[in-house]
Structures are given as C-alpha cells and as structure tokens.
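The residues making up each chain are set out below.
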2 protein chains.
Amino acid sequence: MGNPDDGVELLWREGEREPRAGLSLGRIVRAAIELADTDGLDGLSMRKVADRLGFTTMSLYRHVPGRDQLLDLMLDEVMGERATERATEQITEQITEPAPGQATAQATGQATGQVTEPEQPPAAGWRAALEAVARQTWHTCRRHPWMAEVRGTRHLPGPNAVAHYERMLATLTGTALRPSEVIAVVGLLGRFVDAEALTLVEIQREERRSGVSEEEWWGNRDSLYERLGQYPTITRLWETGGWDHPEDSFEFGLRRLLDGVETLVRERDESRDETCPECGTPLEPAASGRPRVYCSRACQQRAYRRRKSGAGNCG
Amino acid sequence: MGNPDDGVELLWREGEREPRAGLSLGRIVRAAIELADTDGLDGLSMRKVADRLGFTTMSLYRHVPGRDQLLDLMLDEVMGERATERATEQITEQITEPAPGQATAQATGQATGQVTEPEQPPAAGWRAALEAVARQTWHTCRRHPWMAEVRGTRHLPGPNAVAHYERMLATLTGTALRPSEVIAVVGLLGRFVDAEALTLVEIQREERRSGVSEEEWWGNRDSLYERLGQYPTITRLWETGGWDHPEDSFEFGLRRLLDGVETLVRERDESRDETCPECGTPLEPAASGRPRVYCSRACQQRAYRRRKSGAGNCG
DNA sequence: CTTCCGCTGTTTATGTCGTACACCAACTAC
DNA sequence: GTAGTTGGTGTACGACATAAACAGCGGAAG
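Residues numbered from 1 in each chain as written. Chains lettered and ligands numbered in written order. Predicted model: local features only at pLDDT ≥ 70, side-chain atom pairs only at ≥ 80, totals over all residues. Heavy atoms only, no water.

**Some words on the packing of aromatic side chains**
All names here are of chain B. To be explicit about the condition: Each pair of aromatic rings taken from Phe, Tyr and Trp, with Trp reduced to its six-membered ring, is defined by centres within 6.5 Å and is described as stacked if the planes are under 30 degrees apart, edge-to-face if over 60, and tilted in the remaining cases. Note on classification: 1.4 Å probe, protein chains only; a residue is buried when its accessible area is under 20% of the maximum for its type, exposed when over 50%, partly exposed between these limits.
Following the criterion strictly, the structure yields nine aromatic pairs over all chains and no others. Aromatic pair W238 and W243: ring centres 6.5 Å apart, planes at 45 degrees, arrangement tilted. The class of W238 is partly exposed, set by a relative accessible area of 35%.

**So, the packing of helix α7 (residues 125–143) of chain A against helix α10 (residues 179–210) of chain A**
Residue and element names in this part refer to chain A. Put simply, the rule is: Angles shown run from 0 to 180 degrees and are taken between the N-to-C directions of axes, each axis being a line fitted to C-alpha atoms and, for helices, limited to the stretch in contact. The secondary structure listing takes helices from DSSP runs of H or I that are at least 4 residues long and strands from runs of E that are at least 2 residues long, numbered from the N terminus. The hand of a helix crossing depends on one turn: near helix anticlockwise from the far one by less than a right angle means left-handed, and clockwise means right-handed. In what follows, residue pairs with any heavy atoms lying within 4.5 Å of each other are defined as contacts. Amino acid classes used here: Ala, Val, Leu, Ile, Met, Phe, Trp, Tyr, Cys and Pro are nonpolar; Asp, Glu, Lys and Arg are charged; the rest, including Gly, are polar.
Where α7 meets α10, the axes come as close as 10 Å, and the angle between the chain directions of the two elements is 30 degrees. The crossing of α7 and α10 is right-handed. In contact with L130, A134, T137, W138, C141 and R142 of α7, α10 contributes V185, L189, V193, D194, E196, A197 and L200. When grouped by side-chain class, the residues that make up the contact of α7 with α10 number nine nonpolar, one polar and three charged.

**Structural notes on helix α1 (residues 4–12) of chain A**
Every buried residue of α1(A) is listed here: D5(A), G7(A), V8(A), L10(A), L11(A) and W12(A). Against the buried residues of α1(A) lie α2 (25–39), α4 (67–79) and α9 (159–170) of chain A together with α12 (222–225) of chain B.

**Regarding the interface of chain B and chain A**
Test applied: Once two parts are put together, the accessible area they lose, assessed with a 1.4 Å probe and summed over both, is termed the buried area. When a carboxyl oxygen of Asp or Glu is within 4 Å of a side-chain nitrogen of Lys or Arg, the pair counts as a salt bridge.
Facing the 85 residues of chain B at the interface are 85 residues of chain A. Interface area for chain B against chain A, summed over the two sides, is near 7,800 Å², with a carbon-plus-sulfur share of 63%. On the chain B side of the contact with chain A, T153(B), R154(B) and W243(B) bury the most area, a combined 10% of that side's loss. Counting every contact that joins chain B to chain A gives 10 salt bridges. Put simply, E202(B) and R151(A) hold a salt bridge, and the shortest N to O gap is 2.9 Å.

**Quick word on the confidence of the model for chain A**
All names here are of chain A. Definition in use: For every residue, the predictor assigns a confidence score, pLDDT, that lies between 0 and 100.
Of the residues in chain A, 70% have a pLDDT of 70 or more, and the chain-wide mean is 80. For chain A, the element scoring lowest by mean pLDDT is helix α6 (residues 100–112), at 37; helix α8 (residues 146–149) scores highest, at 96. pLDDT under 50 marks residues 308–315. Its contacts with residues more than four places away, or in other chains, come to 10 contacts.

**Comments concerning the protein's contact with DNA strand C**
We apply this condition: We call a residue near a molecule or strand as soon as one heavy atom of that residue lies within 4 Å of the molecule or strand. Whenever two N or O atoms come within 3.5 Å, that pair is a polar contact, provided that in protein one can donate a hydrogen and the other can accept it, and provided that, for residues adjacent in sequence, both atoms are side-chain atoms.
With respect to spatial proximity, 20 residues lie near DNA strand C, and among them R47(A), T56(B), M58(B), R62(B) and H63(B) are the closest. The sugar and phosphate moieties of DNA strand C supply 43% of its atoms located within 4 Å of the protein. Within the contact set of DNA strand C, a phosphate oxygen lies 3.4 Å away from a side-chain nitrogen or oxygen of S45(A). Note that a phosphate oxygen of DNA strand C is positioned 3.1 Å from one of the backbone N or O atoms of M46(A). Of all the elements, helix α3 (residues 46–53) of chain A adds the most residues to the surface near DNA strand C, at three residues. The class makeup of the residues in the surface near DNA strand C is eight nonpolar, seven polar and five charged.

**Some words on the environment of V133(A)**
Relative to the helices and strands, V133(A) resides in helix α7. Taking the C-alpha atoms as reference, V133(A) lies 8.7 Å from T171(A); in sequence the two are 38 residues apart.

**As for the protein's contact with DNA strand D**
Close contacts around DNA strand D come from 20 residues, with T56(A), M58(A), R62(A), H63(A) and R47(B) the closest. Among all atoms of DNA strand D positioned within 4 Å of the protein, those belonging to sugar or phosphate total 45%. Measuring from a phosphate oxygen of DNA strand D, one finds a backbone N or O atom of L23(A) at 3.2 Å. Between S45(B) and DNA strand D, the recorded distance is 3.4 Å, taken from a side-chain N or O atom to a phosphate oxygen. No other element matches helix α3 (residues 46–53) of chain B, which puts three residues into the surface near DNA strand D. For the surface near DNA strand D, the class distribution of residues is eight nonpolar, seven polar and five charged.

So this is what it looks like as structure tokens:
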C-alpha cells in the first residue's frame, strides 16, 4: 500500500520543523525507538506508541504511512547516533568490551571512518578498519536490540544508513578485491553481525518473558541429556569441557571471517592484474597513491564510455 | 505454559501408532510442514492446519501443547528426511547448484556423514566434510524455507536434530581444535547458513506478497539513487559494475568462513600441544589412528577421574 | 446394565494486533 | 464567507493464539 518512493521522501527530507505541541514525525520515531529499546520489537505496537505520546492510535497514521515505514525511519534515526556513543555506552554494555584498549581503538577509528596503521606487517590497514566498523555496527545493535529483529530485504536506507554503508565499503578500497567482492564482503559481515545480535536478543527476550535464565533453562533439561549418551562426539566434547567455557560467539566469528577475507585479499594481491582491462597491455604499477587500473588516459576514457552506454541495475 | 520436558517426551517418543481416522501427532506435523512449505512461516496458523485436516482449530490442542512445540516437532521431522533428498531436489532448486559435479560430491559425502579424502595436500579431510554438511543444511533450508524463519534459542532438539549436530561436530575430530572451538565453528557455520537462507526466504516472501520481483523493486527506486551521487565509494563501485554481476552470497560466504576456519586449524596444528596435559612430559605422536592426548594410560585415567568429580553444565 | 472416567473434538470467548473508514474541529486561502 | 486542507478521533474488521467449558465416545469397574 502506498508508493515506496513516499518512504524515500520521508527518509531523506531534511530540516524538519517541529511544531510547538502535537504530533510530529520526529517525536513519533523517537517514542517508537524508546519503546522498542525497552519492550523489544514485538512489544512495539502503534497503540503503545500513541499511548506513550498521549494521542490516539490512528493519529499516528496522519504522519507515518504504516508500521513498516516507521521501522525504516527508526533504523535510519538510530544509524545517525554516533556522537553520543561513549556517553550511553556503559548503560547496557559490560560483556561486549573485553579489552578497553581495543574498544578505544575502535572508537577513534570510527571517528574518521577509515583507520590506516601502515606499520603492521601481515595485514594492511583495511583489516583494522573493517573490524572497527563491524564493531561499531555491533555496538549499535547492542544498544538497540530490536535492530537485528527487523527483517526484510526491502528496507529503504536513509542518509545515515547510506553513510554507514559507504564507510564500510570504503575500508576495502586499496585492496585488490574486485568490486563485486567488496560488496560481498561487506554484506557478509553485516549479516554476520545481525545474526549474532539476533541470537542475543532472542536470549534476552525469552529470559524476560519466562523469568528463567538461558543457562538455567538448558541446565534443567536433564530428560534431554539422558538420551545423548549414545552420541560419541557429543559425549566426548561434553566430557572434555567443551561447553563449560564456550568461546565468545561474536569475537570468534569475527576473527574467522576476517581471516577468511584476508586470505582472499592476499590471493587477489598476489595475482594482481598487471594488464590494462581495456587493451590488455601490461601496465607499470603506480609508485604511490591510488593504484592505477588503466594503462593510459585514453583507455580509461574508452572504458568510461562503454560503461555509460550499457547501464545496469543494482539488483 | 507447560513443562518443556513434555516437549522432550513428544520429540523423542518412538513408534507412534497412527489411528485409522481422526487426528494424530504425525498427521498434524506433516500437514503443518506442507502448509509452511507453501505459505511460509507466517502463513502457518493453527486455524489453517486444522482446516487442511478438516477439523476445528482447538482440536489440535488435544495433541500438541501449542504452536511453539509444533514448530519443534516440524523441525525435527524435517531434519530426518535425507533418504528422499535427490528425488525432490529438482523441484525448487535450480540456482543453488552451480556445478553438478560439486553437488554430487556433496551428496555422496553426506551419505556416509563423513568424507575423508586423504590425498589432498593443503586442507585435510575435515574441510570437505564440513563443507558437505553445511551444504546439506543449506539444501534442507532451501527445501523448507520456513526453517530459517523459526527463531528462538530454546528449541528442543529431537533425535534427528541431534544426529545432525553430532555429524557436524564429528567432522572436526582429528583436528587440533580445542573442544570449545569445535563447538564454536559448528555454531558459526550453522548461523551462517541460517542467515543466508533467511534472506532468501524474505526475498521470496516479499516477491510473492507484492508480485514485484526483488530486482525490479530495487531497480525502480530511482528517487533513491538520485541522492547517492555524493558518496564516492558507492559511486565508484557502481560505475565499475560491482552490482551488475554480484557474487553468490552463499558460496562466497561459505568459502570465506571455511578459509577462516582453516587458518585456525593450521594455527592449532602448528602449535599442537606436544606435552601430556596431566603430567607435562612430552609425548611422542601416534604413528597412525587417533592422535594421542595423554602420555600413558595412567595419566589418561587420572584425567578421567578428575573430570568425573567436577561435572559442569552445558550452558 | 449402569456408572464413571479419560480421550477427543467442538463451541464460545478474550485479548492482541494493524489499519480502513467516516467524522469533525480548526486553520488557511481566496 | 466559503471552500479546501491539515490533524486528531472513534468505531469497526479480520487476523491471530489460546483459555475454558462442554459433548460424544470407548472401555473398565461396580
């Protein structure tokens, strides 16, 4: 219902004038975010948002087309809060920051959006930068757990979301990755963070709903464990304490993923294409600055015209 | 509501006697699976299941405690179907199998549950085996897209799910990974497959609901693309065709993940602990068969007694 | 044979949700 | 003054899970 482009207008319009009293888009969005922060995504209903603001349910529909578009607006609003990050951090976070030094490095890193520490032999600066933005996304997800719960592939990005995407993609310029691989890496990391955040939310939600902690609940499933004796691998891992001191799921996964990306980057770096994609003649690498792709200005222009004629979609 | 242990009983009880007519647990579960296969998870309601079987809604509650437990039962039922895999595969699958040779290798691999191809210099057999089970999970998720939609961290595993878990864990025995790392790798891969399957489901669902294909929908968002000109990285990736020929999300991610795991395995293999964890004396490696952990039968026994005295939970 | 009970299926009702629709008061423009 | 727009309200619908009470049935015990 309704043209999605209206959502674009809503997301990208600037300089909202807030009326003295009464409702406004900004007030609705902020109230919805507060509500979702405390009650989770399924605790977020149009009725509750309206109640919190002291208006009737249907009044909201004068400002927001529907719940879905409200979610889009909430997401982009949340993507924009990075300045006040350090201030509100310690409220909910105590597990996620294992080493304060690391967290600080990440905070300074995300201020510029791209960290380059050239004196680090094995991995180039891209790895630190990519890790930094991943951790930043992680932090945002932890502060607003409902973010990971919002599903769907047709969420319009607002200015803040696009800026964030741009920042992630930018970390990988300078590597020899192909464009499609840059995009794939960023997507993969994004989905990873989302998935990890999602399982955390689900644990929290079920703990709050049932009043029983996750550990306790699984600990009480003796009737299940009785039946696991005949599975040798599970039994051996159990006996050797595999479940007693589990790995930190996010840290472990992040490291594996970055390692995997690193091998790809190395692979591409080794077999870096030394020929001009337009005429095929070998090109001498640029001594400094941005690595060159074309052998000459003429080839660069030819490639540009070719691209311009046959434009493709972003599907 | 209701003791979770009742769910365990429901899942693990064997030899269901099916009545001639009327309802039964098995019939309900199978009807629910069929329904979810076609309508998705949010198209699965108790009303529709009952309608499909020709009974009233509330009649289901005589056999299943509630919707959540029904989901648990559905999941385990689906985990059990591996024999008829090749038969039903070509119905919905055409994208997921890029190279038939690869798919065949995977199919034979999952038949035994553990593939070992000792003549492969860089990666040991664990990698092929792990890839095989990951692909198997992927196939199951593609055949029953609602699987990935089922969320929550307190789903009781039935016999089929446990067998599958056992199989995944078993692929990594023989590597020098620590127990907690084995578990973490399997969990990471599982969440990855789920996440990838989930985004595919979401695309399908929105395509069916709106009648507009994903590509088409994003292609029509010109009002959005107008505003992206000022983002240099996005613009450059766009112009160099990064979105024209995107990577296969699952294949790309799987390779990165396996690469990441491989570096960890290598790392652990290099610094493989050459000393007995009980007495610290160096132990000579076993010439063949399962790599030895203890220097002597005496130390092995001592470690066993120590474990037995201090048992820990599986939280 | 009767009485009772447990198993199964039905009926009715409660409370949640998003949102379509009709209505109305106040404000703005001509 | 009159017409049109904006913003808030009240009612209503159809979907959902499921609680609670009720009704037919078969078998067992008295």
